[in-house]
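Overview (structure and organization)
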Amino acid sequence: MYTTTNEEGILNNYATEPQMYYSEYPSPEQQSRYAFQGAIAGLFIMAMVLVALVAS
């Protein structure tokens, strides 16, 4: 942890930063899984909106 002190004696603590890395493009299998998860999420949201409309 990196700590500094200003002229008034107040301590400032800084967390250590993680090492950065570049992301990799998702494989076709991961892309299809993301599309499936998006479709399921869309259906879930539509169901919630329909239930809210019916309940009101």
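Residues numbered from 1 in each chain as written. Predicted model: local features only at pLDDT ≥ 70, side-chain atom pairs only at ≥ 80, totals over all residues. Heavy atoms only, no water.

1. Thoughts on the overall build of the protein
Along the protein, the regular secondary structure elements total one helix and two strands. The helix and strand sequence of the protein, counted from the amino end, reads β-β-α. The C-alpha atoms of the protein give 24 Å as radius of gyration, which overshoots the globular expectation for 56 residues (10 Å, by more than 25%). Judged by the C-alpha coordinates and their principal axes, the protein covers about 60 × 40 × 10 Å. Here the protein holds 56 residues, and the buried ones make up 0% of them. Approximately 5800 Å² of the protein is accessible, and the part contributed by carbon and sulfur atoms is 64%. (Helix = DSSP H or I, 4+ residues; strand = E, 2+ residues; numbered from the N terminus. Rg over C-alpha atoms; globule rule 2.2 N^0.38 Å. Buried < 20%, exposed > 50% of the residue type's maximum accessible area, 1.4 Å probe, protein only. Areas by Shrake-Rupley, 256 points an atom, 1.4 Å probe, with all protein chains shown as cover.)

2. Thoughts on the pairing of strand 1 (residues 2–5)
Looking at chain direction, strand 1 and strand 2 (residues 11–14) are connected through four bridges and run antiparallel. Note on strand 2: the bridge partner recorded for T3 is N13. Two successive antiparallel strands, strand 1 and strand 2, enclose a turn made up of five residues, where G9 displays a positive phi of approximately 85 degrees. (Pairing = 2+ DSSP bridges.)

3. A short note on the confidence of the model for the protein
The predicted model of the protein averages 92 in pLDDT, with 98% of residues at 70 or higher. Predicted confidence in the protein is weakest over strand 1, with a mean pLDDT of 81, and strongest over helix 1 (residues 28–55), with 97. (pLDDT = per-residue confidence, 0-100.)

4. So, the environment of A15
Structurally, A15 is set in the loop between strand 2 and helix 1. Along the chain, A15 and A47 lie 32 residues apart, while their C-alpha atoms are 43 Å from each other.

5. Examining the pattern of salt bridges
In the structure shown here, the tally under the stated rule is one salt bridge. Across the salt bridge formed by R33 and E29, the nearest N and O atoms sit 3.9 Å from each other. Taken together, the residues R33 and E29, both in helix 1 and four residues apart, mark about one turn of the helix. Take R33: its relative accessible area is 42%, and that puts it in the partly exposed class. (Salt bridge = Lys/Arg side-chain N within 4 Å of Asp/Glu carboxyl O.)

6. Considerations on the environment of L53
If you trace the backbone, L53 turns up in helix 1. Along the chain, L53 and T16 lie 37 residues apart, while their C-alpha atoms are 49 Å from each other.

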